[in-house]
Amino acid sequence: MNDPHLKTGRVVRTDAKVCHVEIDGEVLLCAPRGKLFEVRGPQRNPIAVGDLVRVDMAGDPRGIEEVLPRRNRLGRMSSMHDPREQVLAANIDRLYMVSSLARPGFSSNRADRVLAACQWYQVPAALILNKIDLDKNGDAPAIRATYERLGLEVLETCATTGVGVEALRERLRGRVSVFYGGSGVGKSSLLNALQPGLGLKIGKISKYWDQGKHTTSHSQLHALDFGGWVIDTPGVRTFRLHNARAAELRGMFVDFARFAGACRFPNCSHDHEPECGVFAAVERGQIAPSRLASYLEMLDELRKAPTAETDAPPDEAPNDES
Ligand SMILES: Nc1nc2c(ncn2[C@@H]2O[C@H](COP(=O)(O)OP(=O)(O)OP(=O)(O)O)[C@@H](O)[C@H]2O)c(=O)[nH]1
Ligand SMILES: [Mg+2]
Ligand SMILES: [Zn+2]
């Protein structure tokens, strides 16, 4: 059916009761129709930033009638008290895991969790090492080597002096990208450097804790003058996988794969088993110990995790109902 009142738009921001939707270059407030919330499924939010939606322009307020099928999405477990999936963003060309080398220092645990999820959801990812100006210990080359082994592109940037910003701009052009990472690593600062007119609020680093103060409070998709969109997100506190089984975690650590063939047991969980090829690779320095530590922590979590109603992997799970 071709209703002349229906237009397609891109969700820029979601609030409790309204969504900000870009339609023909203009951002309009739209109200999701109740039917989108009626089916209580495994997802907490039926509409996420980046979603393409059909909007009834004749309604007052304008109503979101339908969420178009997603190409992909990134989700996580909402919280320990709510095992439903929280969809963080949809229709992503590339997710940039943004981290800083100092103030706050690089968190391999956080990077590994998010990058495993990108593998699980089949979201292409890259790693940004920001605050390269503060890398007094020269940690960047070792971190780069660890993550290039996953087949990831690693970019070094400095939002304050502009190092690496042009290289980033080239990669963002014409695409939908997500900046994701801990608080204070410089996600919003990088966006301001990419497009000075944006004027995003940036935060101070707490002197006592050496971490950010959660300055960005909601996810928002920003249109870039040079073409494309970037979703700026609030700093990640904890990131837990939604609904993955412990046995599936192995496949999310792609750098382990070439060593797993040497494990004595074909279904080795690289945990306690004897003659483990992954463990041996760590001892030989071919896998960073921090990668195995992240894996084991996540494995332990998944073994204890509350299971939600469905066990469907992401590409089979319904993605447009609450
Ligand atoms: N030295 C240095 N400082 C930077 C760099 N990038 C950002 N900063 C500083 O880091 C602080 C935090 O930057 P933000 O852009 O607010 O960080 P964020 O990742 O958006 O943080 P949240 O919104 O809290 O998630 C600010 O004081 C920035 O000036 C950099 O490359 N080098
Ligand atoms: Mg921010
Ligand atoms: Zn093993």
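Residues numbered from 1 in each chain as written. Chains lettered and ligands numbered in written order. Predicted model: local features only at pLDDT ≥ 70, side-chain atom pairs only at ≥ 80, totals over all residues. Heavy atoms only, no water.

The next thing to look at is the coordination of the magnesium ion (ligand 2). Donor atoms from the polypeptide that coordinate the magnesium ion (ligand 2) comprise Ser 188 (OG) and Thr 216 (OG1), at 2.0 to 2.2 Å from the metal. Of the two residues, Ser 188 is situated in helix H5 (residues 187–194) and Thr 216 in the loop between H5 and strand S12 (220–223); the sequence distance between them amounts to 28 residues. Of the residues examined, Ser 188 reaches a relative accessible area of 7% and is grouped as buried. You can call Thr 216 buried: its relative accessible area is 17%. (Donors = N, O, S within 2.8 Å, 3.2 Å for Na, K, Ca; no water. Helix = DSSP H or I, 4+ residues; strand = E, 2+ residues; numbered from the N terminus. Buried < 20%, exposed > 50% of the residue type's maximum accessible area, 1.4 Å probe, protein only.)

This next bit is on the sheet that holds S12. One open sheet holds the 6 strands; their spatial order is S10-S9-S8-S11-S13-S12, and the pairing between them is mixed. Strands at the two margins of the open sheet, each flanked by one partner only, are strand S10 (153–156) and S12. For this sheet, the mean angle separating the axes of adjacent strands, direction not counted, is 25 degrees. Bridge count between S12 and strand S13 (residues 229–232): 4 bridges; the pairing is antiparallel. By the bridge assignment for S13, Gln 220 is matched with Asp 232. Against the sheet, helix H4 (residues 165–172) contacts strand S8 (94–100), strand S9 (125–130), S10, strand S11 (176–180) and S13, and its axis sits at roughly 160 degrees relative to S8. Strands in contact with H5 are S8, S9, S11, S12 and S13; relative to S11, the strand with the most contacts, it is inclined by about 140 degrees. (Pairing = 2+ DSSP bridges. Axes fitted to C-alpha atoms, helices over the stretch in contact; angles between N-to-C directions. Contact = heavy atoms within 4.5 Å.)

Generally speaking, soluble globular proteins have nonpolar side chains that are buried together. Core analysis: the largest hydrophobic core is formed by 54 residues, its most contacted members being Leu 74, Leu 95, Tyr 147, Tyr 180, Leu 241 and Leu 249. Considering every element that reaches this core, the biggest residue donor is helix H2 (residues 108–121), with 8 residues. Residue-level mapping places this core at the junction of two domains, with at least three residues from each of domain 2 (88–232) and domain 3 (246–302). Look past the residues within four positions of Leu 241 in its chain and what remains in contact with it is Met 77, Ala 117, Trp 120, Leu 249, Met 252, Met 298 and Leu 302. Val 98, Ala 126, Leu 155 and Val 165 belong to the second-largest nonpolar core, a separate cluster that totals 18 residues. (Core = buried A, V, L, I, M, F, W, Y, C linked by side-chain atoms within 4.5 Å. Domains from an automatic or database assignment.)

Regions with low pLDDT should not have their predicted coordinates read in detail. Averaged over the protein, the pLDDT score is 92; the fraction of residues at 70 or greater is 93%. For the stretch residues 308–322, pLDDT sits under 50, and the model shows 36 contacts to residues farther than four places along the chain or on other chains. (pLDDT = per-residue confidence, 0-100.)

Each neighbour pair has its own omega, and for Asp 60 with Pro 61 the value is 0 degrees, a cis peptide bond. A cis amide bond, omega -5 degrees, links Arg 103 with the succeeding residue Pro 104. Residue placement: Pro 104 occurs in the loop between S8 and H2. Phi at Arg 103 is positive, roughly 50 degrees, even though this residue is not glycine. You can see Arg 103 is positioned in the loop between S8 and H2. We classify Arg 103 as partly exposed; its relative accessible area is 39%. The phi torsion at His 270 lies on the positive side, around 55 degrees, for a residue other than glycine. Structurally, His 270 can be placed in the loop between helix H7 (257–260) and helix H8 (277–283). Given the relative accessible area of 5%, His 270 is considered buried.

This part covers the pattern of salt bridges. Here the structure, examined in full by the defined rule, presents 22 salt bridges. The partner of Arg 94 in a salt bridge is Glu 153, with the nearest N and O atoms 3.0 Å apart. Taken as a pair, Arg 94 in strand S8 and Glu 153 in strand S10 lie far apart in primary sequence, 59 residues in all. Looking at Arg 94, the relative accessible area reads 14%, which means it is buried. On the basis of relative accessibility, which here comes to 27%, the residue Glu 153 falls in the partly exposed class. For Glu 297, the salt bridge identified is with Arg 113, shortest N-O distance 2.6 Å. One end of the pair, Glu 297, is in helix H9 (residues 289–304); the other, Arg 113, is in helix H2, with 184 residues separating them in the sequence. (Salt bridge = Lys/Arg side-chain N within 4 Å of Asp/Glu carboxyl O.)

This part covers the environment of Glu 153. Once the C-alpha coordinates of Glu 153 and Ile 128 are considered, the two residues, 25 residues apart in sequence, prove to be 8.5 Å apart. In contact with Glu 153, not counting residues within four places along its chain, are Arg 94, Ala 126, Leu 127 and Arg 171. At 3.0 Å, the side chain of Glu 153 forms a polar contact with the side chain of Arg 94. (Polar contact = N/O pair within 3.5 Å; in protein donor to acceptor, adjacent residues only side chain to side chain.)

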